[in-house]
Amino acid sequence: MSGAPETKNQNELSSGIVREALAALSVALSRTRQALLWESIWPVAVALLSALGIFLSASWAGLWISLPPYARIIGVALFALLVIAALVPAIRIRIPGLGEAVSRLDRSNVATHRPATALTDKLATKSEDPMAAALWRAHLARTAEAAKQLRAGLPQPKLALRDPLAFRALILLAVVATFFVADNDRTRRIAAAFDWTGALTPRLYRVDAWITPPGYTGRAPVLLAGIRHDEAAPGEVPQVLVPAGSMLIVRGTNLAALDLVIEGNLKEEPNPNPDAAKTGIERHFRITEDARLTVKGLPVGEAKWSFRAIPDRVPIIELSKDPEISGRNALSLSYRMDDDYGVTQAEAQFERVIPLIPNALSPRPLIEAPNFPLSLPQARTKNGAGQTAKDLTEHPWAGATVRLTLLARDEAGNEGKSEPRQMRIPMRSFQKPVARVLIEQRRELAFDANARGRVQNALDALMIAPERFTPEANVYLGLRTASTRLRIARTDDDLRGVIDYLWEVAVLIEDGTLSDVERDLRAAENALRQALERDASPEEIKKLMDQLRAALDKYLQALAEQQRRDNNTTNLERPDPNTRVVRPQDLKNMLDQIEKMARNGDRQSAQKLLDQLQSLMENLQKNRRQAGPQQNQDNPLDQLGRMIQEQQRLRDRTFRQGQEERRQQQGQQKQGQQKQGQNQMGQLRQGQGDLRQQLERMLEQLKKRQQGQQQGEGEGNDAADALGRAEQAMRDAENSLGNGDAEGATDSQGRALSQLRRGAQAMADAMQQGGPGDGQGFPDGPEADQADRTDPLGRPVRNREFGDDYTVKVPDEIDTQRARRVLEELRRRLSEPNRPRLELDYLDRLLQDY
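Residues numbered from 1 in each chain as written. Predicted model: local features only at pLDDT ≥ 70, side-chain atom pairs only at ≥ 80, totals over all residues. Heavy atoms only, no water.

What follows covers the overall build of the chain. Counting its secondary structure elements, the chain contains 25 helices and 19 strands. Evaluated residue by residue, the chain yields a buried proportion of 41% over its 850 residues. Intrachain contacts of the chain at a sequence separation of at least 6 include 75% that bridge at least 24 residues. Looking at the chain as shown, the accessible area adds up to about 47600 Å², and 52% of this sits on carbon and sulfur atoms. (Helix = DSSP H or I, 4+ residues; strand = E, 2+ residues; numbered from the N terminus. Buried < 20%, exposed > 50% of the residue type's maximum accessible area, 1.4 Å probe, protein only. Contact = heavy atoms within 4.5 Å. Areas by Shrake-Rupley, 256 points an atom, 1.4 Å probe, with all protein chains shown as cover.)

Quick look at the structure:
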């Protein structure tokens, strides 16, 4: 009885183990069937994907773009057959059965003895035999324990057996590579495979191309030979010359793709107008160098366009003559500029000439160079001449030796520079020693902040004996303030403030209370000049003219008041007979004429007349500063003026004689005419020799005067050097005249004239710095009116009682028109290159001041 319950418990335990094993077996069989299904599907999928990969790689490589429509149809059909062949094995795919799963599961788990099959087996004999039943239960229990360890395993499609050469990897690599090659053109290249227009239906397409030059060139677009569906392709087109930077635009209408072959440097740029792509294909290319573009893949043939890029030339700018001083020591620059497409900006740049001092510290400048823009004849100047005047007298660099460079810039950003020219920036002339010292110290501090110690010592030295150097209280207080501000300066901005203050003190010392109204007058003149340069409106010109009149009235009133206060120090002796009277009414007439010229559009003449007005104001101010008796004797400057006149006459006669000889050489020259020409040459040589001897005597007197005054390096030596070069040029001209060479003599006489003018300018500067007055003032009394007068060039001026007027002659409108016509005629003749070189040189000399 005790064996029955034990047997029952064993049966129940065995049944529980078998149920757990059957559940695990069911899961393993399900996974095994899935693996078997995947092994049958995956080879078909790989074949299909390989066919699609071949199609994509061929499309993205541009195969369809280069094929005609019929070839595209055949290619698509072949790929369709390939896809069908890849899908044929899919017909044999079916869902795996239970027996296949059990067999696959037993093969995958070779470590056990077919546990999956054993669990599904049944006992062949009857179960009444207790021994057999017990053995069967033990067998099931062991099999159930083994079945719990069954695993379905991973699918094994065995692609290596189907594709031993691994073409599938090669196809994948081609797809990835062509994907990046096609870039943004992938969809269009795939769609080209199905573009059968022209094979099934007639294609109405066209390809247009044109070149758009840069806007600053001012050139019109260039239309290239295009392609039409009903015409033969143009083939290779002759090379097209285009400016560098032009845009090439190729547009295809009713085309799915454009097959373009690029040779050379053509940079494709995004289409700025994406809406144009809705009606076709549009591609943009930037032409920077020589290149070629070919359109292929069209039934009518190919089109080949060749381009030659013409680079943008660097602008050319150069001084047409030496820098000059105009108006109130304003720097006047005359220049010529040339560019293929036009100069849009020009600038004058300065660089300080620093002497090389061994073991010296590098200077630390506080003030930048006074660079300023140059006016252009037109907004975009291709070839022209310009002139710009700039007042730099208040700038700390005034009086410094610099290298001047002109810079021109076109719209493309190209920059051209002139040859550096060494010069000295014009500066205001200060007569009082203390003012001159302050200006020198101001310049030194502006050039080097490390020089503040030396400047401090100089300011302190000026205040050692105030009763001798600075008797005026306001001047002494100004020096004391400048010294204190320099001592407590901590930053560069503080030092720049000291530089500005030193200028104010120097002007106060030089001009006294007149400096404020003079500053207002100069500001009004500069404002009017800038308005004339930028072609301001008539209303603005009238407003500025009213301001200038008011400033001029205040200036004249202050000048008269200052002169009355200085009567005790004014020289009351009879003035120089060469003085010229300038009345207030004359100045007002000049202002009226300036306004009239500006209103009539003659801005250039108005600017020149404004320069004359500034020069008159400067002379009035200079006369107020100068002291000392006037000398009635003829001075070296007057002698030099007469020499310049005589040299000019000799050159004109030599030029005419040279023309006469050339005309005689072209015809039959008679002996009498030849002898007459030799006599003329002899007279010219004699006159040139006499003039040279006068210059030699003047040079000897100038050198003796310099030795007597112990004059060092300065303007006096500059004048002597220039006159020495003029004497050598005269000697060369005399020798050329003796040899009958009129052309060589004319060139030498031109050099002599140029050096004479340089010497006169240097001598005038020396007299202005330390010599007597320039002879301009306001004489009173009938004797001054009745005296014989000469102008600064030595020409006689007749007596006023015979109808002469010594006031300033303001040109009327008729004179202006006549002068303009003469200048236009001279410029026209100068522009004719077939004229003789001597005549062109002569015309250039006539126009060098215009």
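One can find H284 in strand β8 (residues 280-296). Judged by relative accessible area, which is 5%, H284 ranks as buried. Within the local environment of H284, its side chain forms a polar contact with the side chain of N271, the two groups lying 3.1 Å apart. Excluding its chain neighbours within four sequence positions, the residues that come into contact with H284 are M247, L248, I249, K267, E268, E269, N271 and P272. (Polar contact = N/O pair within 3.5 Å; in protein donor to acceptor, adjacent residues only side chain to side chain.)

The subject of this paragraph is the packing of helix α11 (residues 452-462) against helix α13 (residues 473-488). Orientation of α11 relative to α13, taken along the N-to-C sense of each, is 155°, at an axis distance of 10 Å. As summarised for this structure, α11 and α13 are arranged roughly antiparallel, according to the angle between their axes. For the element pair α11 and α13, the recorded crossing hand is left-handed. Residues R452, V455, Q456, L459, D460 and L462 of α11 form the contact with α13, whose participating residues are L479, A482, S483, L486 and R487. (Axes fitted to C-alpha atoms, helices over the stretch in contact; angles between N-to-C directions. Parallel < 35°, antiparallel > 145°, perpendicular 65-115°, else oblique. Left-handed = near helix turned anticlockwise from the far one by under 90°.)

Within the span of α11, buried status applies to V455, Q456, A458, L459 and L462. Each buried residue of α11 sits inside an arc of 165° when the element is viewed along its axis, so together they form one side. (Arc of directions from axis to C-beta.)

Ranked by size, the top nonpolar core spans 51 residues in total, and within it L333, F350, L374, L406 and L438 carry the most contacts. Elements supplying a minimum of two residues to this core: β10 (316-319), β12 (330-352), β15 (401-410), α10 (433-447), α11, α13 and α14 (492-511). Looking at this core, the element that brings in the most residues is α14, giving 10 residues. When residues no more than four places from it in sequence are discounted, the contact partners of L374 are I317, L333, Y335, A346, E347, A348, T388 and L406. (Core = buried A, V, L, I, M, F, W, Y, C linked by side-chain atoms within 4.5 Å.)

In this model, α10 (15 residues) spans 21 Å end to end at C-alpha, consistent with the 21 Å of a helix rising 1.5 Å per residue. The set of residues buried in α10 consists of V434, A435, L438, I439, Q441, R442, R443, L445, A446 and F447. (Expected span 1.5 Å × (residues − 1).)

Time to look at the side chain of E734. Structurally, E734 can be placed in helix α21 (residues 715-738). Residues in contact with E734, not counting those within four places in the same chain, are R685, Q688, G689 and R692.

The next thing to look at is the pattern of salt bridges. Applying the stated rule across the entire model yields 27 salt bridges. Measuring nitrogen to oxygen at the nearest pair gives 2.2 Å for the salt bridge that ties R758 to D322. Taken together, the residues span a long stretch of sequence, with R758 in helix α22 (residues 742-770) and D322 in the loop between β10 and β11 (324-326) at a distance of 436 residues. You can call D322 partly exposed: its relative accessible area is 31%. The shortest N-O distance in the salt bridge between R487 and D460 comes to 3.6 Å. (Salt bridge = Lys/Arg side-chain N within 4 Å of Asp/Glu carboxyl O.)

Here the focus is the packing of α10 against α14. It is the contact of α10 with α14, at a shortest axis distance of 9 Å, that shows an interaxial angle of 165°. Here α14 runs roughly antiparallel to α10, going by the angle between their axes. Crossing geometry of α10 relative to α14 is assigned as left-handed. Here V434, A435, L438, I439, R442, L445 and A446 of α10 lie close against α14, whose contacting residues are L495, V498, I499, L502, W503, V505, A506, I509 and E510. Split by residue class, the contact of α10 with α14 holds 14 nonpolar, no polar and 2 charged. (Nonpolar A, V, L, I, M, F, W, Y, C, P; charged D, E, K, R; others polar.)

Counting through the fold element by element, E727 comes out in helix α21. With residues near it in sequence (within four places) discarded, E727 still touches R692, L695, E696 and L699. At 2.5 Å, the side chain of E727 forms a polar contact with the side chain of R731.

Once that is clear, we can look at the pairing of strand β9 (residues 303-310). Direction of pairing for strand β4 (residues 235-236) relative to β9: parallel, over a ladder of 2 bridges. Residue pairing in the sheet places G235 in a bridge with A303 of β9. Of the strand pairs in this sheet, strand β5 (residues 240-243) and β9 are connected by 4 bridges, and their pairing is parallel. Considered in β9, the bridge of L241 is made with R308. As paired strands, β8 and β9 are joined by 5 bridges and run antiparallel to one another. (Pairing = 2+ DSSP bridges.)

Let us now look at the packing of aromatic side chains. Summed over the entire model, instances satisfying the criterion amount to 10 aromatic pairs. Consider the rings of F350 and F372, whose centres lie 6.0 Å apart with planes at 40°: the pair is tilted. Remark: F372 occurs in strand β13 (residues 372-373) and F350 occurs in strand β12; sequence separation between them is 22 residues. Each of the two residues, F350 as well as F372, counts as buried. Ring centres 5.3 Å apart and planes at 75° place the aromatic pair W397 and F447 in the edge-to-face group. Of this pair, W397 sits in the loop between β14 (381-390) and β15 while F447 sits in helix α10, and the two are 50 residues apart along the sequence. Of the residues examined, W397 reaches a relative accessible area of 7% and is grouped as buried. Geometry around F179 places R186 over its ring, the cationic atom sitting 3.7 Å from the centre. (Phe/Tyr/Trp six-rings, centres within 6.5 Å; stacked < 30°, edge-to-face > 60°. Lys NZ or Arg CZ within 6 Å of the ring centre and 35° of its normal.)

As a further point, take the environment of P323. Considering the arrangement of structural elements, one finds P323 in the loop between β10 and β11. A relative accessible area of 23% places P323 in the partly exposed class. Sequence separation between P323 and M423 is 100 residues, and the spatial gap between their C-alpha atoms is 7.9 Å.

Here the focus is the environment of G264. Looking at the element boundaries, G264 is found in strand β7 (residues 259-269). Leaving out residues up to four positions away in the same chain, G264 has contacts with D290 and A291.

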